[in-house]
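Structural overview for review
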Amino acid sequence: AQNRLLIKNGKVVNGDGIQDADVYIEEGIIKQVGNNLIVPGGSRLIDARGKYVIPGGIDTHTHLQLPFMGTTTADDFYTGTRAALAGGTTTIIDFVIPSKGQSLIEAYKQWRERADEKVACDYALHVAVTWWSPEVQQEMEELCRDHGINSFKMFMAYKDLWQLDDTELFEAFERCKQLGAVAQVHAENGDIIKENCKKLLAAGVTGPEGHEMSRPEEVEAEAVNRACVLANQVNCPLYIVHVMSKSAGEVVAEKRRQGIVVYGEPIAASLATDGKHYWNSCWRHAAAHVMGPPLRPDSTTPDYLMDLLANDDLQLTGTDHCTFSSAQKEMGKGDFTKIPNGVNGVEERMSLIWEKGVVSGKMDPTRFVAVTSMNAAKIFNMYPKKGCIAVGSDADIVIWDPKLEHTISAATHHSAVDFNIFEGITCRGGPEYVIANGRVTVDEGQVKAVQGYGSFIPTSPFAPFVYEAVTEREKVHQLIKVEREGRIVAVRNTMVPVV
Ligand code: URP
Ligand code: ZN
Ligand code: ZN
């Protein structure tokens, strides 16, 4: 019976529609969706009357067990994925971040080792490109071909650590284009940030508010715009991680209106809280909110980003869950540039978006599913294995109770961190049951996570060619020449399948 489950009487919500249907699961896979199902005896029955039956959430952006700024995040792959499950997220996508000069493949293997023994839910990986060389270009191809990677994150900030310059970004985007991989960027101008930090510290600004002051909105918006321009030069689809400000969101929306293929990912933090916290008189409180790009002091930001998300100017959500305890944050007492950057959200994302997106009336439940699960599965090529409730899909399902009411608090959350940036927010709606690969991991609200239960989900790139052909394609550099009256008027990257 453990492996057979019948969910009856619920409203099945996918990203593209709602139906009254029962769902039958066997051995971790959805076997039937419909009415009057005939199922084997001995199946466990869950009555979902009055509830929504939705695909498990996909968090596109986490940092578990990340060594960063002289310490390692408070949540490891177990506590982090347990928190994810508790909140209705059944798949996370974490970032492999190689140190400068480190082999990308070696870093990838490290992440796999750390994650495989601990994850309580399924996970996929993005790989960060933190330095640039011919070897890195080669390894990007190997990661796509042999290791289930189809997305790379480039940093426009963290100067002297992970930042790429414009030439390197141009080449990295071009490489992603060749490979059919998604090019992601952390969009902030790291050169400006470095100069501003020096000035602020010299002027005696040392507290957490200096973090926000050193990187105001336009520093984010400028980088979003520049990333779009660079990516467009090589025809590469672009993905902006952690959209934090109104102006950054506006740039994404405007570029999309112009026809540029760019996706924007606001996070739980930018959708549900603001940067006024940096001025809180309690240092611990203010420091807990330090992350990059920062939360914005303009308190209309979360609502504005939620509007953009509701109308598809922005497409999907993550959390940038990257937790550091109060003691770890204290490393930056007396110098805000040394406060480890990162906030929580993996557990709270679904409930916060339901409360501030659906309960507020901005979006309906189908859009909720699109922005918390389906669009992520599509963009990272996991659909329809993940991101929908359909025959043949993984049985990652949440029974979502719109009547469940829950006030967020560090005292009751599942993350290992000792502070919650959403403390005190009441969410109407939450997970009553969370089913991961057919196993009931949240059962009537009780979390029953199992260390090591989750699996790595390999994702393949969207390239329309076989890898043997890459070298051949590089000879022509994937370029087409546009000629008019016998003269070349444009040279553009293109995507011509090699047969
Ligand atoms: O503050 C943040 N965002 N920490 C994690 C690293 C990153 O840039 O995503
Ligand atoms: Zn980032
Ligand atoms: Zn991040």
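Computed from a predicted model, the values in this text were never measured in an experiment.

A closer look at the sheet that holds strand β14 (residues 182-186)
Strand order in the open sheet formed by seven strands is β8-β11-β12-β13-β14-β15-β16, and the pairing between neighbours is parallel. Bordering the open sheet on either side are β8 (57-62) and β16 (262-266), each of which pairs with just one other strand. Along the sheet, successive strands turn relative to each other by an average axial angle of 25°, direction set aside. In the sheet, strand β11 (residues 89-96) pairs with strand β12 (residues 122-129) via six bridges, with the strands oriented parallel.

Overview of unusual backbone geometry
Omega for the peptide link from G292 to P293 comes to -10°, which places this bond in the cis form. If you trace the backbone, P293 turns up in the loop between α10 (283-288) and α11 (301-310). Residue P384 is reached from Y383 by a cis peptide bond, and omega for that bond is 5°. Summarising the element assignment, P384 is placed in the loop between α14 (365-379) and β17 (397-407). We note that H242 has phi near 30°; this positive angle belongs to a residue other than glycine. For H242, the location among the structural elements is in strand β15 (residues 238-243). Assessed through its relative accessible area of 1%, H242 is described here as buried. The residue D312 is not glycine, and still its phi comes out positive at about 75°. Relative to the helices and strands, D312 resides in the loop between α11 and α12 (326-329). The exposure class of D312 is partly exposed, given its relative accessible area of 31%.

With respect to the packing of helix α3 (residues 134-146) against helix α4 (residues 166-179)
Closest axis-to-axis distance for the α3/α4 pair is 11 Å, and the angle between their directions is 30°. Comparing their axes, α4 and α3 come out roughly parallel. With respect to the hand of their crossing, α3 and α4 are arranged in right-handed fashion. When α3 is examined against α4, the residues Q137, Q138, M140, E141 and C144 are found in contact with a partner set consisting of E171, A172, R175, C176 and L179. Residue classes in the contact of α3 with α4 are distributed as five nonpolar, two polar and three charged.

Observations concerning the coordination of the zinc ion (ligand 2)
Bound to the zinc ion (ligand 2) are the protein donor atoms K153 (NZ), H186 (ND1) and H242 (NE2), situated 2.1 to 2.3 Å from the metal. Taken in chain order, the donor set of the zinc ion (ligand 2) reads K-x32-H-x55-H. In this structure, the zinc ion (ligand 2) is positioned 3.8 Å from the zinc ion (ligand 3). Residue H186 is located in strand β14, and its partner H242 is located in strand β15; the two are separated by 56 residues in the primary sequence.

Rules used in this analysis
- Residues numbered from 1 in each chain as written.
- Chains lettered and ligands numbered in written order.
- Predicted model: local features only at pLDDT ≥ 70, side-chain atom pairs only at ≥ 80, totals over all residues.
- Heavy atoms only, no water.
- Pairing = 2+ DSSP bridges.
- Helix = DSSP H or I, 4+ residues; strand = E, 2+ residues; numbered from the N terminus.
- Axes fitted to C-alpha atoms, helices over the stretch in contact; angles between N-to-C directions.
- Buried < 20%, exposed > 50% of the residue type's maximum accessible area, 1.4 Å probe, protein only.
- Parallel < 35°, antiparallel > 145°, perpendicular 65-115°, else oblique.
- Left-handed = near helix turned anticlockwise from the far one by under 90°.
- Contact = heavy atoms within 4.5 Å.
- Nonpolar A, V, L, I, M, F, W, Y, C, P; charged D, E, K, R; others polar.
- Donors = N, O, S within 2.8 Å, 3.2 Å for Na, K, Ca; no water.

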